[in-house]
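What follows is each chain in one-letter form.
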Number of protein chains: 2
Amino acid sequence: MANKAQVLYDFTAEPGNNELTVKEGETITITNQHIGGGWIEAQNSRGEVGLVPEDYIELSKAFPSFSGPGTTTAAPSVGNAAPPDLSFFDAFAPTSAPPQNQASNGNDPWSVWNTDATGGSSNNWASKPEGTQTGKSAAADPWSSAAQGHPQAYQGPGAEDDEWDDEWDDVKSSGGYAESESGESGAMQRGGAHGSSMKISLNKFPGFSKSGPELYLLCKQLVKGKDKLPIYMGEVGPVWSYPETQLDCVVADPKKGSKMYGLKSYIEYQITPSTTNRPVNHRYKHFDWLYERLLDKFGSAIPIPSLPDKQVTGRFEEEFIKMRMERLQGWMTRMCRHPVVSNSDVFQLFLTYKDEKDWKTGKRKAEKDETVGVMIFSTIEPEAPDLDPIEVEQKCEQFSRFTRAMDDGVKEILTVGQEHWKRCTGPLPKEYQRIGKAFQNLSSVFNSSGYQGESTLTDAMTAAGKTYEEIAQMVAEQPKKDLHFLMETNNEYKGLLGCFPDTIGVHKAAIEKVKEGDKLVATSKISPQEKVTMAKRVSIMSYALQAEMNHFHSNRIYDYNRVMQLYLEEQVKFYETIAAKLRQAHSQFTTM
Amino acid sequence: MANKAQVLYDFTAEPGNNELTVKEGETITITNQHIGGGWIEAQNSRGEVGLVPEDYIELSKAFPSFSGPGTTTAAPSVGNAAPPDLSFFDAFAPTSAPPQNQASNGNDPWSVWNTDATGGSSNNWASKPEGTQTGKSAAADPWSSAAQGHPQAYQGPGAEDDEWDDEWDDVKSSGGYAESESGESGAMQRGGAHGSSMKISLNKFPGFSKSGPELYLLCKQLVKGKDKLPIYMGEVGPVWSYPETQLDCVVADPKKGSKMYGLKSYIEYQITPSTTNRPVNHRYKHFDWLYERLLDKFGSAIPIPSLPDKQVTGRFEEEFIKMRMERLQGWMTRMCRHPVVSNSDVFQLFLTYKDEKDWKTGKRKAEKDETVGVMIFSTIEPEAPDLDPIEVEQKCEQFSRFTRAMDDGVKEILTVGQEHWKRCTGPLPKEYQRIGKAFQNLSSVFNSSGYQGESTLTDAMTAAGKTYEEIAQMVAEQPKKDLHFLMETNNEYKGLLGCFPDTIGVHKAAIEKVKEGDKLVATSKISPQEKVTMAKRVSIMSYALQAEMNHFHSNRIYDYNRVMQLYLEEQVKFYETIAAKLRQAHSQFTTM
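Residues numbered from 1 in each chain as written. Chains lettered and ligands numbered in written order. Predicted model: local features only at pLDDT ≥ 70, side-chain atom pairs only at ≥ 80, totals over all residues.

## What to know about the overall build of chain A
Under the convention used in this document: Numbered from the N terminus, helices here are DSSP runs of H or I no shorter than four residues, and strands are runs of E no shorter than two. Field definition: a residue is buried when 20 or more other C-beta atoms are found within 10 Å of its C-beta, exposed when 12 or fewer are, and partly exposed for counts in between, with C-beta atoms placed from the backbone. Working definition of a contact: two residues with C-beta atoms, positioned from the backbone, lying within 7 Å.
Within chain A one finds 19 helices and 11 strands. A total of 592 residues make up chain A; the buried ones form 46% of that total. Long-range contacts, defined here as pairs at least 24 residues apart, represent 72% of the contacts in chain A between residues at least 6 apart.

## Let's talk about the interface of chain A and chain B
A common way to express how large an interface is: the accessible area buried when the components associate. Our working definition: Gly falls in the polar group here, along with every residue not listed as nonpolar (Ala, Val, Leu, Ile, Met, Phe, Trp, Tyr, Cys, Pro) or charged (Asp, Glu, Lys, Arg).
Counting from both sides, the interface comprises 53 residues of chain A and, opposite them, 53 residues of chain B. Elements with a contribution of two residues or more to the side of chain A that touches chain B: helix 13 (389-425), helix 14 (427-447), helix 15 (455-481) and helix 19 (528-587) of chain A. Considering every element that reaches the side of chain A that touches chain B, the biggest residue donor is helix 19 of chain A, with 20 residues. The class makeup of the residues in the side of chain A that touches chain B is 28 nonpolar, 15 polar and 10 charged.

## Focus on the sheet that holds strand 7 (residues 237-240) of chain A
Residue and element names in this part refer to chain A. Selection rule: Pairs of strands are assigned from DSSP output, requiring at least two bridges between the strands. The angle between two axes is taken between their N-to-C directions and runs from 0 to 180 degrees, where each axis is a line fitted to C-alpha atoms and a helix contributes only its stretch in contact.
Pairing is mixed across the open sheet formed by three strands, whose spatial order is 7-6-11. On the outer flanks of this sheet lie strand 7 and strand 11 (380-382), each paired with one strand and no other. On average, each strand axis in the sheet is inclined to that of its neighbour by 30°, with strand direction left out of account. Where strand 6 (residues 229-234) meets strand 7, four bridges bridge the pair, whose relative direction is antiparallel. Within strand 7, the residue paired with M233 across the bridge is P238. Relative to the sheet, helix 19 contacts strand 6, strand 7 and strand 11, its axis offset from that of strand 7 by approximately 80°.

## Re the sheet that holds strand 10 (residues 280-283) of chain B
Residue and element names in this part refer to chain B. A sheet is described by the order of its strands in space; here three strands give the open sequence 8-9-10, paired in antiparallel fashion. On the outer flanks of this sheet lie strand 8 (249-259) and strand 10, each paired with one strand and no other. Geometrically, the sheet is characterised by an average inter-axis angle of 30° between neighbouring strands, direction not taken into account. Here helix 9 (residues 317-337) sits on the sheet and contacts strand 8 and strand 9 (264-273); the angle it forms with strand 8, its principal contact strand, is near 135°.

## As for the packing of helix 14 of chain A against helix 15 of chain A
Residue and element names in this part refer to chain A. Threshold: By the definition adopted for this analysis, an angle is roughly parallel if under 35 degrees, roughly antiparallel if over 145, roughly perpendicular if from 65 to 115, and oblique otherwise. For any helix crossing, the convention is left-handed if the near helix is rotated counterclockwise from the far helix by under a right angle, and right-handed if that rotation is clockwise.
One can describe the packing of helix 14 onto helix 15 by two numbers: an axis separation of 8 Å at closest approach and a directional angle of 165°. Relative to helix 15, helix 14 is oriented roughly antiparallel. By crossing handedness, the relation of helix 14 to helix 15 is classed as left-handed.

## Comments concerning the nonpolar core
For clarity, the cut-off: We call a set of buried Ala, Val, Leu, Ile, Met, Phe, Trp, Tyr and Cys residues a nonpolar core when their C-beta atoms link them within 7 Å.
Formed by 210 residues in total, the largest nonpolar core has its most connected members in F377 and A544 of chain A together with A544 of chain B. Once residues lying within four places of it in the same chain are set aside, the contact partners of F377 of chain A are Y216, A301, R537, I540, M541 and A544 of chain A.

## Examining the pairing of strand 6 of chain A
All names here are of chain A. Relative to strand 11, strand 6 runs parallel, the two sharing three bridges. Bridging from a neighbouring strand, I231 pairs with P382 of strand 11. Hairpin connection from strand 6 to strand 7: two residues lie between these consecutive antiparallel strands.

## Focus on the relation of the copies chain A and chain B
Note the cut-off: Alignment of copies: least-squares fit on C-alpha atoms of residues with pLDDT of at least 70 in both copies.
For the pair chain A and chain B, the relating rotation is 180°, the translation along its axis is 0.1 Å, and the fit reaches an RMSD of 0.2 Å. Each copy turns onto its partner about a two-fold axis. Residues of chain A ranked by C-alpha distance from the rotation axis are headed by Y575 of chain A, positioned 2.8 Å from it. Most of the interface of chain A is mirrored in chain B, where 100% of its interface residues are also at the interface.

## Side note on the environment of L218 of chain A
Residues and elements named next belong to chain A. Positionally, L218 belongs in the loop between helix 7 (214-217) and strand 6. Judged by local crowding, L218 falls into the partly exposed class, with 18 C-beta atoms found within 10 Å. Each C-alpha atom, one on L218 and one on E570, is 55 Å from the other, the two residues being 352 residues apart in sequence. Contacts of L218, omitting those with residues within four sequence positions, involve I526, E530 and M534.

## So, unusual backbone geometry
Residues and elements named next belong to chain A. Even without a glycine there, the phi angle at N277 is positive, about 55°. Structurally, N277 can be placed in the loop between strand 9 (264-273) and strand 10 (280-283). By the C-beta count within 10 Å, which is 9 here, N277 ends up exposed.

## A closer look at the environment of E488 of chain A
With respect to the secondary-structure elements, E488 of chain A resides in helix 16 (residues 483-497). With 18 C-beta atoms counted inside 10 Å, the residue E488 of chain A sits in the partly exposed group.

## Section: the confidence of the model for chain A
Note that predicted coordinates carrying low pLDDT should not be read in detail. Residue and element names in this part refer to chain A. The test is simple: pLDDT is a residue-level measure of predictor confidence that goes from 0 to 100.
Per-chain confidence: chain A averages 75 in pLDDT, with 70% of residues scoring 70 or above. Contacts for the low-pLDDT stretch residues 62-211, under 50 throughout, to residues beyond four places or in other chains number 262 contacts. Note on the complex model: pTM 0.71, ipTM 0.71.

## Regarding the pairing of strand 4 (residues 49-53) of chain A
Taking burial as the measure, the five residues of strand 4 of chain A include four buried ones, the bulk of the element. Between strand 3 (residues 39-43) of chain A and the antiparallel strand that follows it, strand 4 of chain A, lie five residues; G47 of chain A among them carries a positive phi value of about 85°.

## Comments concerning helix 14 (residues 427-447) of chain B
To keep things clear, this is the line we draw: Expected span of a helix: the number of residues minus one, times 1.5 Å.
Here helix 14 of chain B contains 21 residues, and its C-alpha end-to-end distance of 30 Å stays within 8% of the 30 Å for a straight helix at 1.5 Å per residue. Within helix 14 of chain B, 15 of the 21 residues are buried, which leaves it mostly tucked inside the rest of the structure.

## Looking at the environment of H484 of chain A
Residue placement: H484 of chain A occurs in helix 16. The spatial distance from the C-alpha of H484 of chain A to the C-alpha of W421 of chain A is 8.7 Å, given a sequence separation of 63 residues.

## Points about the packing of helix 16 (residues 483-497) of chain B against helix 19 (residues 528-587) of chain B
Residue and element names in this part refer to chain B. In the contact formed by helix 16 and helix 19, the axes pass within 8 Å of each other and the chain directions differ by 160°. By the angle class used here, helix 16 and helix 19 are roughly antiparallel. Note that helix 16 runs across helix 19; the crossing there is left-handed. Within the contact between the two elements, helix 16 uses F485, L486 and T489 and helix 19 uses D559, V563, L566 and Y567. Here the contact of helix 16 with helix 19 is built from residues that sort into five nonpolar, one polar and one charged.

Structure, rendered in structure tokens:
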């Protein structure tokens, strides 16, 4: 007899991964509970069979005791109890979980996404009262409780092992921009079962711990030697030390691998750095490991944008892989362009490891790195006089204002762009198609007139009608050629800007600490010498922030110049092609 | 004490005519009941004063007895009874008239128009079961009872006099295509108080009387001499006799006149025919008189399109006058182009009368013309052998099918065009404007960065943003430059095609009569000689129909060639201008 189970949380299958999409409240039949790795095989009521994370289901019992969403109990073992009558089951449901088939706002990612997508007001700037901690920023925010308290299919001691489970690899959301833009927040609401957000908030980012920036402001020992990060005074102010040749890399050639006797599959990408020109292979989880290391090490000083995960779109596997690769390329390019990040041991390891052993040794070393969190500032050496704390504060405020304003501006473009995308792929081409059909229909009526000398007109009208049908198709396909890149760039910047509140927060906390200096000395919490050290060190932090902002600005100017040029170039081509097509159609009508 | 009155039917004021818009159920105060000409002066609750047709109101009484919509009682005289309490009044309302402020479908022109406009299935082809008798066709259909049974502000013995009242002149509907397209049917539903439709169905078109085409088929005396209308065999088949030079005229220079001591005003147009190049003046009512004469005389053989009346759009007087003039020009051009119509005495009188006396004499003569209705066929002389009745029937069926199919095709273009018009003037420019604003907003954020070398990018982004705002405006204004003419032409053809069912109906009735020939001879209803005559005459009718169809086809080919050329030419310009503007915007970004 088959075992029934109740689905506790929505789970969306990865295409091509033999998974099964299930909905909260759904009853499924366990077909194989010995898959291992946290998965069971199940069949839904439509007869579809696939893998489901075992934490997502609860075996049906005669007297079921639900663990509602929000508890972190271990997954119940899948037993053999007889499935209870569903109506009996339902009677229990409302007390502990949302009733079957009823999408509560809290669990429905769409309702959250829509709010975020259309309103554009949801953001992670603490000073904005309407802002909720969503998306990537929430992921990087250690105070975010939303990231905790939900069971995950795979998490635990195995996380640093190569045997990480694959749902970390191939997570995706489906659909166009309307969803993907705000998919990050949806993921949190969905239970945060997927994505890197969880692991960070639970385990990482010690720099943002409750001890705050004092760890650095008051530490005795500073880093010496080769790990130093110099800051020079450039034309635009403090700047990082830039290499002579900018590192670059190509992410390409995604290949499917499988494990667990073919039941689970994953994608491996080939990454070729411009320095060695020798390709290395990495799975998504390796990118994710790199992201964590970078966030851990540099996050207090340098915004490390999240990896593309929930954002990735595409209903079909091929499209999904292509899109993820495109975004991994974007992420890698941005990291390569950063002089501090690209020059770091861990980043170099990722790009140039020689073999499995080399990789594993490097990994272990990177994970043991103690110069992480706020301690990164201990490696920074500005070649400039100390700044006055008031000036430090002014700079910090200015950057805060700017990044916040830019965040609004970027989100406005994303909102408008989403709407434009929808119109260009929806009603607009339909309308051009109808115009085209109407011309062609009238033409074929004219053809039936039986009147002589009709054909020049009817041929021309048919051609005009077909031209409008072609225009319909052009309109529908155009966003992929231009708006796509404008959206991608702004989406990337949205992610990057989402990191600034945390980075700036570290600085603000340090400034506050320095302001308390006199009081701390008076109450003998610190010595007068320590007060002087704090002021000096907050100045170093400020130089780091300024260097980073200047890096950000120069990249921003480059990126927006590039994307606007591309956008307008493609728009010009688009309108010129339409004009040419219409001119051709026009020429077929005779002047009488 | 002021006299109160209750408004019985909606009345929309003509702009510039000192009229007052009132709604059914509204209570107004009579300020002058001695205006004369069927008008009273009244004030509404907002203090606005203007003229209202006295038939449209009922003086409030202590115990009001409503005459509901559908009665044709004479207008009650405006008395002095005290106005009743409104709540008391309302208690009576639902039993005899729709309650105040509640738009019933029957009285709400919008609900009817919308159905017609969006569904596009409402038509006047008897063979289509879903068709309802609406609009122009209903107007020309003597069997249409919808045209009767509603009080009209001005109608009766004065109608052939110069003292016709002016609401016949300046009727309009407001709004864009969505309304105007289907306004005709709305007018009927509204009560048919305005427009020429009424007069025709009540008084005119004897050719469509119950006696039918027999009047001609069996008449003894045929017309002789100069009034003959020859039909030649041309390359395309039977054709009318075309003049060497085509008549043309220019309708221009609308001037406002007034009467009734300035209380009522009207517009006079200057019409200059190409033959004499001497302008004559006519008011709308003269056009209407001409239309009736032409319909009366030629309607059985030649589709005479209705004058523009309800169709005219424009919320402001100037716009309204311009639009009406444009459409009167279109109507006159079409009449001038018709060899039979343009050569007729009555049309020549209209274009070339020398003075008031000449005009009045000509009018009287035209009104006494007895060669009207089906008798027009008695003037037709084809120079070709008689047609077999079977061939006559086939031709007739063919024309019926064609005009019906074209009617569908034209309505499809109008429906699609309306939607396109709405999109181009509504959501689409708004979206381009928002894109433009988003670019400009981001540009001004960038400007606040404090980073050096920002201005090239921000200037370029501002320019790009402004370009999209310009595009927004171009998009919104484009329909007036191209779609307008496409719509006008199709609208004209819709009107013209709406006349065919009646014209073709006369032919079908004649064919049926001829088919009955043997039976009629057998029952001694007609003599064998009369049967032969009938067959000969139905052949003459067929030549007339063929000549007319050939005229229609040649005009149609000319008109559609011309309008499609114009449309595509303007579309090419539009897209080329956008491309050029974007190219200019593109050039401002620097290649890094």
